[in-house]
Amino acid sequence: MAPSYRLPVTCAELPAVAARYKYEAEDDLGDILPSVQARGHLTREEFLRIGEWKTRRKRRAREKNTAEYIIAVTQAAFASSSERFRIEALTLLDGVAWPTASVILHFARDSTYPILDVRALWSLGCGNGPHVYDFPFWGSYVEFCRGAVEQCRGTVRELDCALWQHSKENQGPIYG
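Residue numbers here run from 1 along each chain, matching the order of that chain's written sequence. Thresholds applied to this predicted model are a pLDDT of at least 70 for local features of residues and 80 or more for the giving and counting of side-chain atom pairs; totals over whole chains, interfaces and linings are not thresholded and use all residues. Here the side-chain values reflect all heavy atoms present in the structure, with hydrogen atoms and water set aside.

**Quick notes on unusual backbone geometry**
Point 1. Backbone geometry at R153 places phi at a positive 55°, although glycine is not the residue there.
Point 2. Exposure is judged per residue with a 1.4 Å probe applied to protein chains only, and the accessible area is read against the type maximum: over 50% gives exposed, under 20% gives buried, and values in between give partly exposed. Judged by its relative accessible area of 78%, R153 falls in the exposed class.

Written as structure tokens, this is what we have:
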């Protein structure tokens, strides 16, 4: 059964909450999407930048991936017409779980993919999300986020920022 999501703010409030978003990682990753779309895959440097932006905790695992393997996996994932294959293929890379795979899709494949994050899930009323991610959960999350963006006439990135910021302001620290 799909989770029941609810926006924590109105569409009118969403831009103001998103505008308060500040993340410790200085790299906004905005230059990656056009380059990857032109070439069809991530370079090792781009892959490591995205991983570092999402979480430093898995750095050593991500560094085990060779440039050739990163190219092969990301090229196959980005070229596929299967939504399930796109997200699940990326988890073949060392140090990449569903949340990091969602960041790769957002910044390197298509900015209409939302970023899967415990703060966003908390803001949507899901606690910290499921203990194990799967494609039905991912599909329902993507569908809800894209629908909310359409309803609010914003962008997925604006929604991501607003959900993260709402959690930070209302949930507080989530890691010890």
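There is more to say after this.
**Comments concerning the pattern of salt bridges**
Point 1. Any carboxyl oxygen of Asp or Glu within 4 Å of a side-chain nitrogen of Lys or Arg constitutes a salt bridge here. According to the stated counting rule, one finds nine salt bridges in the structure shown.
Point 2. A salt bridge links D117 to K54, with the shortest nitrogen-to-oxygen separation between them at 2.6 Å. Of this pair, D117 sits in the loop between helix 7 (98–109) and helix 8 (118–123) while K54 sits in helix 3 (residues 44–54), and the two are 63 residues apart along the sequence. Pair check on accessibility: D117 and K54 agree, each one buried.
Point 3. Residues joined in a network through salt bridges with shared partners are E52, R56, R59 and R62. To qualify as a helix, a DSSP run of H or I must reach at least 4 residues; to qualify as a strand, a run of E must reach at least 2; elements of each kind are numbered from the N terminus.

**A closer look at the nonpolar core**
Point 1. L42, I50, F78, L90, I104, W138 and Y141 are the most contacted members of the largest nonpolar core, which totals 52 residues.
Point 2. By residue number, the principal contributor to this core is helix 9 (residues 135–152), which donates eight residues.
Point 3. Those residues in contact with Y141 that lie beyond four places of it in its chain are Y5, P114, I115, L116, A120, L121, L124 and D160. Only buried Ala, Val, Leu, Ile, Met, Phe, Trp, Tyr and Cys residues count toward a nonpolar core, and they belong to the same one when joined by side-chain atoms within 4.5 Å. Contacts are residue-level and defined by heavy atoms, with any inter-residue pair within 4.5 Å sufficient.

**Some words on helix 7**
Point 1. Among the twelve residues of helix 7, twelve are classified as buried, and the element is accordingly described as predominantly covered.
Point 2. Here the buried face of helix 7 lies against helix 2 (32–39), helix 3, helix 5 (67–79), helix 6 (83–90), helix 9 and helix 10 (156–170).

**Digging into the environment of A77**
Point 1. For A77, the location among the structural elements is in helix 5.
Point 2. In this structure the C-alpha to C-alpha distance between A77 and Y133, which are 56 residues apart in sequence, comes to 18 Å.
Point 3. Residues contacting A77, with those up to four places away along its chain left out, are F85, R86, A89 and L90.

**Quick word on the state of the cysteines**
Point 1. The rule for a disulfide is simple: a pair of cysteine sulfur atoms within 2.5 Å. Scanning all chains against the criterion turns up one disulfide.
Point 2. One disulfide in the model links C11 with C152; its S-S distance is 2.0 Å. Negative torsions about the S-S bond denote left-handed disulfides, and the value of about -65° found for C11 with C152 makes this one left-handed. A residue pair is termed long-range when its members are at least 10 positions apart, and C11 in the segment before helix 1 (14–19) and C152 in helix 9 qualify at 141 residues.
Point 3. Here C11 falls in the partly exposed class, since its relative accessible area comes to 24%.
Point 4. Unpaired in terms of disulfides, C145 finds its nearest cysteine sulfur in C126, a separation of 9.5 Å.
Point 5. Free of any disulfide, C161 has its nearest neighbouring cysteine sulfur in C145, separated by 12 Å.
Point 6. On the basis of relative accessibility, which here comes to 10%, the residue C161 falls in the buried class.

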